[in-house]
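Secondary and tertiary structure notes
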Amino acid sequence: MAKQQKRYLCEECGYSSPQWLGKCPNCGKWETFIEEVITPKFKSVTKVKPKLLSEIEILKTVRISTGINEFDRVLGGGIVEGSIVLVGGEPGIGKSTLLLQSTDMFARNGISVLYVSGEESPVQIKLRAKRLQVAENKIYMLAQTDIEEIVKEIELLSPDIVIIDSIQTVYHTEIDALPGSVTQVRGCALKLMEIAKSNGIPVFIIGHVTKEGTIAGPKTLEHMVDAVLYLEGDKNHYYRILRAAKNRFGSTQEIGVFEMKEEGLSEVKDPSFIFLGERHENPPGTVVTCAMEGSRPFLVEIQALLAPCGYRMPQRVSAGIDYKRLTMLLAVVERRVGVKVSTQDVFINVVGGLHIEETASDLAVILAIVSGARNTPVAEQTAALGEVGLTGEVRPVGLIEKRVKEAERLGLTRCIVPSKYSKISSGIKIIGVKSVGEAIHETLHYHSKL
């Protein structure tokens, strides 16, 4: 009999080691290694011959609509048969609500759904479904955490769609580990993947997130599934953003915007209007920019507040803008513009809770900072677009025509852009600038020209 082999896995990132370690060399966490018994691998008896690429037939992908356009957009046009979708987010952000709302369309179209809950009882889910006005036909509820029993029910009912809420509560009796551990999460996910691929049943898996905002459990879980979706947002705000971190059947650049209401998550069909809807005045320290999320342009307001430093070290607080990017832009403001910010506390906020990752908002951030420092408002109905380099130059950004068109649609009259785009045709006034200094002159000194 072969000697039993063991290894140690990190519960945070899934890093494998032949011996126990106090600190994980991959993620840097302490006391996260657990023991796992290595099961013997059997050789496959199925022989597969190689094929020429020209001989492979492309089958038409069948998609099922969720009935929620924003959800379908992020999925790439709908649910693919036999796919496994991992939905993550903070507790209470709306993951279960979103999936329960999607079951309403399925039920009304005769599509059967098996909703497996390991955290709530069927009565609790029934009360939520009643509040969300979800149709009750064709929706089966199962309060179960044993993966073997769940698989049996799936084979018995043969539903069209399966929802697991959540993967951290499900366990396999043959795996000697606690529910939610690396081994259990991976083993249960493998069982679900087998049933999904062999029967062509789409499976949605709800997963918890860590303090860092990533899916709790091994990274291998994200590699196993076909799509990884994150529902983001501040629980103190009404708006939620559904973002795809991975999608084998669509783009990872698209996002869906929702508004949390008493009756559930409601689609936001015009995000720009929502994010700028309450902007009635033009106070100092505020500038409008246009961010691209996939193929969608969003007009958002960037706010900056500067205050005398009350501590030895000045604070830099950023909400919606990368902290390191903000630090770089503050250096540009001090060295290239001449505005002293090293003795000021600087607070930057993107209104509405949207997080901007691209660099097209650099110019707007700098204009907001200078406007707040000088207590002078930026010219009214003005948007600013452009990446800023370390020498203070304003560099081109992508999809400028789409951004300008969105600004025009929302009623803005002026748009500050890199000089390369000064000749583009538009219904609003286009002002091309080469440097941050020119942009400041065109926006903060605009009132003096009137």
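Note that the coordinates shown come from a computational prediction; the quantities given were computed from them, not determined experimentally. (Residues numbered from 1 in each chain as written. Predicted model: local features only at pLDDT ≥ 70, side-chain atom pairs only at ≥ 80, totals over all residues. Heavy atoms only, no water.)

Let us look at the pattern of salt bridges. Applying the stated criterion across every chain yields a total of 17 salt bridges. Among the ionic pairs, Glu 70 bridges to Arg 296, the shortest N-O distance being 2.8 Å. Of this pair, Glu 70 sits in helix H1 (residues 69-75) while Arg 296 sits in strand E16 (residues 296-308), and the two are 226 residues apart along the sequence. Of the residues examined, Glu 70 reaches a relative accessible area of 4% and is grouped as buried. Arg 296 gets classed as buried once you look at its relative accessible area, which sits at 8%. A salt bridge links Glu 254 to Arg 73, with the nearest nitrogen and oxygen atoms 3.6 Å apart. Of the two residues, Glu 254 sits in the loop between strand E12 (239-247) and strand E13 (255-261) while Arg 73 sits in helix H1, which places them 181 residues apart along the sequence. On the accessibility criterion, Glu 254 (14% relative accessible area) is buried. Within this structure, Lys 197, Asp 226 and Arg 248 form a network of salt bridges that share partners. (Salt bridge = Lys/Arg side-chain N within 4 Å of Asp/Glu carboxyl O. Helix = DSSP H or I, 4+ residues; strand = E, 2+ residues; numbered from the N terminus. Buried < 20%, exposed > 50% of the residue type's maximum accessible area, 1.4 Å probe, protein only.)

Turning our attention to empty space enclosed by the protein. Tallying each qualifying case throughout the model produces 2 cavities of 30 Å³ or more. As a volume, the largest cavity reaches approximately 50 Å³. Forming the walls of the largest cavity are Arg 63, Leu 75, Gly 78, Ile 79, Val 80, Ser 83, Val 85, Ala 227, Asn 247 and Phe 249. (1 Å grid on protein atoms, 1.4 Å probe; cavity = no way out; pocket = protein on both sides within 12 Å on 5 of 7 lines; lining within 4 Å. Points joined across faces, edges and corners; volume = space filled by probe spheres on them.)

Relative to the helices and strands, Val 317 is located in strand E17 (residues 316-319). By relative accessible area, which is 37% here, Val 317 ends up partly exposed. Contacts of Val 317, omitting those with residues within four sequence positions, involve Leu 326, Val 346, Phe 347 and Ile 348. (Contact = heavy atoms within 4.5 Å.)

Let's shift gears to the packing of aromatic side chains. Any two aromatic rings considered together are summarised by their centre-to-centre distance and by the angle between their planes. Scanning all chains against the criterion turns up 2 aromatic pairs. Consider the rings of Tyr 15 and Phe 33, whose centres lie 6.4 Å apart with planes at 85°: the pair is edge-to-face. On the criterion of sequence distance, the pair formed by Tyr 15 in the loop between strand E1 (5-10) and strand E2 (16-17) and Phe 33 in strand E3 (residues 33-38) is long-range, its members being 18 residues apart. The class of Tyr 15 is partly exposed, set by a relative accessible area of 33%. A centroid spacing of 6.1 Å and a plane angle of 55° characterise the contact between Phe 71 and Phe 204, whose relative ring orientation is tilted. In this pair, Phe 71 sits in helix H1 while Phe 204 sits in strand E10 (residues 203-207), placing the two residues 133 residues apart along the sequence. Like Phe 71, the residue Phe 204 is buried in the burial classification. (Phe/Tyr/Trp six-rings, centres within 6.5 Å; stacked < 30°, edge-to-face > 60°.)

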